Amino acid sequence: MNIAVTVKHFAIAACLLMLVACTHAPRNKAEIANGDPSMATIYVYRAPSELARNRAFYSTLDGKPMTPLAAGSYVALSVPPGRHQIVVSPGPFGYNRGAVVQAQAGGSYFYRFETSLSDDRSYFAETALARRDEAAGRAEVQQLVRALANFNDRRLTYPRTRYAAVSDITAVPAINQRGRDGYQNWLRQRLPRAFVVASNGGWYATWGMGVTDIPGVSDPATRGMQRCAARADVVCQVYAINSSVVWNPLPVSLVQGERERKAAEAVSAVLGEDEGSLQQPQIRMISPIFSQLLMLSLPSGFKPSAFEQATASNYIREAVPVGQTVQRWTEMITVTGVRNLARNREVSPEAFGGRIADGFRANCPASYAFKTLSSGAVNGRDEHVFVVSCGTRQTAYGAVSESTLIQVIRGRADYYTVQWSERGAASATPLPIDMVHWLERYNTLAPVKLCERVAGEKPPYPSCINGPGQGGGTAI
C-alpha cells in the first residue's frame, strides 16, 4: 500500500503591505526574464479589438495566474522544457481558449488570442488561441506593448440586471445542488463578495478583501474570474456582486456555435487518425464509499481492483499496472474514504491532509518534499490538491523513492482521497517536484466526481456516469 500526505497551503500576502507597488509587478514568476539558454520562451498576446477594448483578459500558465492581457499587449513567459498549458479567458464575452505547448530548450513559441464579433457585437462569435510561426509572431509582438498587471482596476463595472433576486437560490444557472448550497453559504458572507459561474456548471465563491488565494488581488470578482480562467472551453461570468445579480444569459447562437465546433473537432480527430494512433480509452472507475459514489477516470493498462477493503469506518481501493502487485509496483492509483468525518465541520480538507502529511514526513524526514497545486472550492466541492515525495522509503524489496499526487475531497458526510503514486530509484536528498508532470496526472484522472447513491442501483452505476454529480472539472 502507498503512503499519502498533504501540507496546509499558506498563500503569500506580502502585496497587501505594498499594494501599489505590486499592482504593476509580474503576476507569474515565469514572466521574469532570466536569459537562461536552457529555458524556452512562450509569447501570448492579444491584438487590438473594439469589443472589450477596455477589459483585460485573464490568463493562466499551468493553472497559475499570469498578467491579464489588455488589447494590444503581450506577456513573455520563460519556462523549462516540457509540456505547458496556457489559457486565455475573455470573461463574459466568449469562450476561454487554451493550448498545450511542448517546449524545447532555447525555443520561442507564439500564441495569439483571436476573436470574431457576433452580429449583436456584444459577444465574440468565435475565439481561438492560435499558434503562430516564429517569424510572423515575432513581427506581431514587436508592434505591441508588454502587459501591465493592474489586477484591481476600479474601472471594471458590472451593471445590475433584472434576471433574478440575489436571494433566489434556484435561479443560479447551470450549478447542481452542491452549487446551490455553496451559493446559499455565499449569501451569508461579508461584503464585498462575488459569485462567478462557468458555462460547464463550475462556480467560484469569493468574499472579503483579504488576499489569501491569489496574492496581489483583493477584488473578489477579479479573484473569482481569475480562478475560472484556468479552464479552457468555458465562458466565465460574474453572476452576483455584493447584493445584486449582474448576470445575463448567454445567446443561444453562441452556445450552439460551441457545440458545432466541438462536434466538428471530434469528427476531424477520428477521420485524421488511424485506429492505432488514437488515444487509448479510459475506464470510469466508480467506488461506492459509504454515503456516496466516487468516480474517476482510470488510465488504460491498470487493474481497477488489485486490492479493495472496507470496514465500518474506512475504505481503500488500489489499482496497479497489469503485471504488477500491490506489494511490488511502480505506479499505484488509490481511492480512500473515512466515514462521517465530513460531519465534523472543524476538519477542513487542509487539516485532514495535514494528518496524512505528518505520517509521510515521519517516514522520510531527510528526503521529504511537498508542493501544493490548489486549495478551496472547485466545481461545488471543497478540496485540497498537492504532491508529496520521499526520496528514500524502505520496502520489502529494498529502498525506493515514492512521490504521490493527492486530492483530498470533503463529501456530504464522508472524506475521500484520490491518489496517484510513483516509485523510482532511491535518493538521499529530496526529489524535485515537477508540477507540470503532476498536473498531467491530475487531468488524466478527471473527471473526479461524487454522486448520490441510488437505492438498488448496481454497477456500472449509470446515474453517476450520466448525471452531473459534484465536480467533474478537467484541470486546476
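Residues numbered from 1 in each chain as written. Predicted model: local features only at pLDDT ≥ 70, side-chain atom pairs only at ≥ 80, totals over all residues. Heavy atoms only, no water.

1. Remarks on the overall build of the protein chain
Phase 1: Assigned secondary structure in the protein chain consists of eight helices and 24 strands.
Phase 2: Burial analysis of the protein chain (476 residues in total) assigns 52% to the buried set.
Phase 3: Pairs at least 24 apart in sequence give 64% of the contacts found in the protein chain among residues at least 6 apart. (Helix = DSSP H or I, 4+ residues; strand = E, 2+ residues; numbered from the N terminus. Buried < 20%, exposed > 50% of the residue type's maximum accessible area, 1.4 Å probe, protein only. Contact = heavy atoms within 4.5 Å.)

2. Here's the deal with the state of the cysteines
Phase 1: The tally for this structure, following the rule as stated, stands at three disulfides.
Phase 2: With its sulfur 2.1 Å from that of its partner, Cys 228 forms a disulfide with Cys 236. Since a negative S-S torsion denotes a left-handed disulfide, the Cys 228-Cys 236 link at about -85° is left-handed.
Phase 3: Residue Cys 236 is classed as buried on the basis of its relative accessible area, which comes to 0%.
Phase 4: Between Cys 364 and Cys 390 runs a disulfide, and the two sulfur atoms are separated by 1.7 Å. Looking along the S-S bond of the Cys 364-Cys 390 disulfide, the torsion reads about -80°, which is the left-handed sense. Taken together, the positions of Cys 364 in the loop between helix H6 (349-363) and strand S19 (368-378) and Cys 390 in strand S20 (residues 381-395) put the pair 26 residues apart, joining distant regions of the chain.
Phase 5: The exposure class of Cys 390 is buried, given its relative accessible area of 0%. (Disulfide = S-S within 2.5 Å.)

3. Section: the packing of aromatic side chains
Phase 1: For the coordinates displayed, the defined rule picks out 15 aromatic pairs.
Phase 2: Look at Phe 360 and Tyr 368: their rings are 6.2 Å apart centre to centre, the planes differ by 55°, and that puts the pair in the tilted class. The burial state of Phe 360 is the same as that of Tyr 368; both residues are buried.
Phase 3: Through a chain of ring-to-ring contacts, three or more aromatic side chains come together here, namely Tyr 163, Tyr 183, Trp 186, Phe 195, Trp 203, Tyr 239 and Trp 247.
Phase 4: For the cation-ring pair, Arg 46 lies above Phe 57, with the distance from its terminal atom to the ring centre recorded as 3.5 Å.
Phase 5: Stacked on the ring of Trp 186, the Lys or Arg Arg 193 has its end atom at 4.7 Å from the ring centre. (Phe/Tyr/Trp six-rings, centres within 6.5 Å; stacked < 30°, edge-to-face > 60°. Lys NZ or Arg CZ within 6 Å of the ring centre and 35° of its normal.)

4. Focus: the pairing of strand S3 (residues 64-69)
Phase 1: Counting buried positions along S3 yields five of six residues, so the element is predominantly enclosed.
Phase 2: Pairing geometry for strand S2 (residues 57-61) and S3, over four bridges, is antiparallel. Note that in S3 the partner of Leu 61 across the bridge is Lys 64.
Phase 3: Between S2 and S3, which pair antiparallel and follow one another directly, the connecting turn spans two residues, one of which, Asp 62, has a positive phi of 50°. (Pairing = 2+ DSSP bridges.)

5. Some points on the sheet that holds S3
Phase 1: The strand order across the open sheet built from four strands is S3-S2-S5-S6, with neighbouring strands paired in antiparallel fashion. Taken across any chain shown, the strands that pair with only one partner, and hence form the sheet edges, are S3 and strand S6 (97-103). The average undirected angle you get between the axes of adjacent strands in this sheet is 25°.
Phase 2: In the sheet, strand S5 (residues 82-89) pairs with S6 via seven bridges, with the strands oriented antiparallel. In the sheet register, Gln 85 faces S6, and the bridge partner there is Val 100.
Phase 3: Packing of helix H4 (residues 220-228) onto the sheet brings it into contact with S2 and S3, and relative to S2 it is tilted by some 50°. (Axes fitted to C-alpha atoms, helices over the stretch in contact; angles between N-to-C directions.)

6. Here we look at the sheet that holds strand S10 (residues 193-198)
Phase 1: An order of S11-S10-S12-S13 is seen for the four strands of this open sheet, with the pairing classed as antiparallel. Two strands in the sheet have a free side with no partner beyond their single neighbour: strand S11 (203-207) and strand S13 (244-245).
Phase 2: Two strands pair when backbone bridges link them, and S10 and strand S12 (residues 236-241) are joined in this way by five bridges, in the antiparallel orientation. Bridge assignment links Val 196 to a residue of S12, and that residue is Val 238.

7. Considering the pairing of S10
Phase 1: For S10, a buried count of six out of six residues is recorded, marking the element as mostly surrounded by other parts of the structure.
Phase 2: Residues of S10 alternate between two faces, with Arg 193, Phe 195 and Val 197 on one and Ala 194, Val 196 and Ala 198 on the opposite face, all of them buried.
Phase 3: In this sheet, S11 lies alongside S10 in antiparallel orientation, the contact comprising five bridges. Within S11, the position partnered with Arg 193 by the bridge is Trp 207.
Phase 4: The turn linking S10 back onto S11 is made up of four residues, and Gly 201 within it adopts a positive phi angle of 100°.

8. Structural notes on the environment of Arg 112
Phase 1: With respect to the helices, strands and loops of the structure, Arg 112 is situated in strand S7 (residues 108-117).
Phase 2: The exposure class assigned to Arg 112 is buried, which follows from its relative accessible area of 18%.
Phase 3: Each C-alpha atom of the pair Arg 112 and Arg 132 lies 7.0 Å from the other, and the pair is 20 residues apart in sequence.
Phase 4: Not counting chain neighbours up to four residues away, the residues in contact with Arg 112 comprise Tyr 45, Ala 128, Leu 129, Ala 130, Arg 132 and Glu 140.
Phase 5: For Arg 112, the side chain forms a polar contact with the side chain of Glu 114, separated by 2.7 Å. (Polar contact = N/O pair within 3.5 Å; in protein donor to acceptor, adjacent residues only side chain to side chain.)

9. Here's the deal with the confidence of the model for the protein chain
If pLDDT is low for a region, its predicted coordinates should not be looked at in detail.
Phase 1: Scored by pLDDT, the protein chain has a mean of 79; 79% of the residues are at 70 or more.
Phase 2: Here residues 266-281 is a poorly scored stretch, pLDDT under 50, and it has four contacts once near neighbours within four places are set aside; other chains count.
Phase 3: Ignoring residues within four places in sequence, the model shows residues 471-476, a span with pLDDT below 50, making 28 contacts including any to other chains. (pLDDT = per-residue confidence, 0-100.)

10. Some thoughts on the environment of Leu 439
Phase 1: Along the chain, the position of Leu 439 falls in helix H7 (residues 435-445).
Phase 2: By relative accessible area, which is 8% here, Leu 439 ends up buried.
Phase 3: Sequence separation between Leu 439 and Asp 62 is 377 residues, and the spatial gap between their C-alpha atoms is 7.7 Å.

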